[in-house]
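Analysis of the macromolecular model
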Amino acid sequence: MIEVQNLAFSYKQQKSFIKDLSFNVSQGEIFGFLGPSGAGKSTLQKILCGILRDYKGSVKIFDGEVKNRTKAFYEKIGVDFEFPNLYGKFSGLDNLKYFASLYEGKLLDPVPYLERVGLGEHQDKKVSEYSKGMKMRLAFVRAILHQPQLLFLDEPTSGLDPSYARILKEMILEQKHMGKTVILTTHNMHDAEELCDRVAFIVNGEIKAVGSPGELKSSNRAVEVSYSYRDAVEMKYGKTMLKDLYQDEGFMKHLREGSLASIHSQEPTLEDVFMEVTGRRLV
């Protein structure tokens, strides 16, 4: 679906901002770019969806170079930026009807989707009266109405309360199950772990690591195990690495004696691995 080779990009009168990026994304995959603010995620998103075309290297989507894209390219993609552009004097439903009218293919009925994201009772209200979260939910629905093959999502759950964030994540996974490809940019490690088949760590315009969340966590840090046990007087605690557990004499002794009270494994989070690989936090 996407093939990027030696991509570089810089804004006018600035040093190179995107530096020699190469990666591929398969059809039906949710691919995430995980990085802190200012890492280059949104710039990369704009290159991939054809907004920024003055790049070096090759960016092929649907087997064609993006800088040479035609109108047909936009029939196949859906875009949901973090700060959506909507018409404030139109109602939510009228916004969707207007944007849907720009596409030539088969369109979804917007009303059930407005209901699903909690905007059904607000569909006739002017968007200028919407909160930021309401606008984000409306923009997500707008991005999928023309049934795109490729969906670009930039921080889709940022600022949403947990219930609506859960609804949007369920809808994103539904897109994947329908065979759609999703590019997700985020600094939210929980969204990345929950949604993405693979993620790329991006810092200062460079990709530092690529892999599935599980692969990245298992390959970069050992799992720690803590345990507690009872002796004659009080509860005591021990700690070791999972790979060394069978060599921990205290653990093995209390396991044989049946005096273990608890065992807990502490796996690294994706943020732990990100910090180890890049030396940066995700915020």
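Keep in mind it's a predicted model, so treat the numbers as computed, not measured.

Observations concerning the packing of helix α5 (residues 132-144) against helix α6 (residues 162-177)
The contact between α5 and α6 brings their axes to 12 Å, and the two run at 10°. Taken together, α5 and α6 sit at an angle that is classed as roughly parallel. The residues of α6 that touch α5, namely those facing Arg-137, Phe-140 and Ile-144, are Tyr-164, Leu-168, Met-171, Ile-172 and Gln-175. Looking at the contact of α5 with α6 residue by residue, the classes come out as six nonpolar, one polar and one charged.

Considerations on the environment of Leu-102
Looking at the secondary structure, you find Leu-102 in the loop between α3 (92-100) and α4 (110-116). With 114 residues separating them in the primary sequence, Leu-102 and Leu-216 have C-alpha atoms 41 Å apart.

Side note on α6
The end-to-end C-alpha separation of α6 is 23 Å, in line with the 22 Å expected for 16 residues at 1.5 Å each. Residues Ala-165, Leu-168, Lys-169, Met-171, Ile-172 and Gln-175 constitute the buried set of α6. One side of α6 carries all its buried residues, which in axial view fall inside an arc of 160°. Within α6, the exposed residues directed more than 90 degrees away from the buried face are Pro-162 and His-177. Contacts made by the buried residues of α6 are with β3 (30-34), α4, α5, β7 (150-154), β8 (181-186) and α7 (189-195). Among the residues trailing α6, Gly-179 stands out with phi positive, at a value near 90°.

Description of the sheet that holds strand β1 (residues 2-9)
Strand order in the open sheet formed by four strands is β2-β1-β4-β5, with antiparallel pairing between adjacent strands. Looking along the sheet, the strands with just one partner apiece sit at the ends: β2 (18-25) and β5 (64-65). Two elements, β1 and β2, share five bridges in a ladder whose sense is antiparallel. The residue bridging Phe-9 from the neighbouring strand is Ile-18, located in β2. Across the sheet, helix α1 (residues 41-48) touches β1, β2 and β4 (56-61), and the angle it forms with β1 is around 120°.

Regarding the packing of α3 against α5
Their axes nearest at 10 Å, the elements α3 and α5 cross at an angle of 25°. Judged by the angle between their axes, α3 and α5 are roughly parallel. Crossing hand, α3 versus α5: right-handed. Two secondary-structure elements touch here, α3 through Gly-92, Asn-95, Leu-96 and Phe-99 and α5 through Leu-138, Val-141 and Arg-142.

Some words on the environment of Ile-77
Within the secondary structure, Ile-77 is located in strand β6 (residues 77-80). Given a relative accessible area of 2%, Ile-77 falls into the buried group. As for Ile-77 and Pro-148, which are separated by 71 residues in sequence, their C-alpha atoms are 4.8 Å apart. Among all residues touching Ile-77, those that are not within four sequence positions of it are Cys-49, Phe-62, His-146, Pro-148, Leu-150 and Phe-152.

A few points about the packing of aromatic side chains
Given two aromatic rings, one states the distance between the centres and the angle between the planes to describe the pair. Scanning the entire structure with this criterion turns up 15 aromatic pairs. Taken together, a centroid distance of 5.2 Å and an interplanar angle of 75° make the contact between Phe-23 and Phe-33 edge-to-face. Pair noted here: Phe-23 is in strand β2 and Phe-33 is in strand β3, with a separation of ten residues, a long-range link. The residues Phe-23 and Phe-33 share a single accessibility class, namely buried. Consider the rings of Phe-90 and Tyr-98, whose centres lie 6.4 Å apart with planes at 75°: the pair is edge-to-face. One aromatic cluster in this structure is built from Tyr-87, Phe-90, Tyr-98 and Phe-99. A cation sits over an aromatic face here: Lys-67 above Tyr-55, 4.4 Å from the ring centre. A cation over a ring is seen here: Lys-76 above Phe-62, with NZ or CZ 4.9 Å from the ring centre.

What counts and what doesn't
- Residues numbered from 1 in each chain as written.
- Predicted model: local features only at pLDDT ≥ 70, side-chain atom pairs only at ≥ 80, totals over all residues.
- Heavy atoms only, no water.
- Axes fitted to C-alpha atoms, helices over the stretch in contact; angles between N-to-C directions.
- Helix = DSSP H or I, 4+ residues; strand = E, 2+ residues; numbered from the N terminus.
- Parallel < 35°, antiparallel > 145°, perpendicular 65-115°, else oblique.
- Contact = heavy atoms within 4.5 Å.
- Nonpolar A, V, L, I, M, F, W, Y, C, P; charged D, E, K, R; others polar.
- Expected span 1.5 Å × (residues − 1).
- Buried < 20%, exposed > 50% of the residue type's maximum accessible area, 1.4 Å probe, protein only.
- Arc of directions from axis to C-beta.
- Pairing = 2+ DSSP bridges.
- Left-handed = near helix turned anticlockwise from the far one by under 90°.
- Phe/Tyr/Trp six-rings, centres within 6.5 Å; stacked < 30°, edge-to-face > 60°.
- Lys NZ or Arg CZ within 6 Å of the ring centre and 35° of its normal.

Scope: geometric values only; no functional claims are made or implied.
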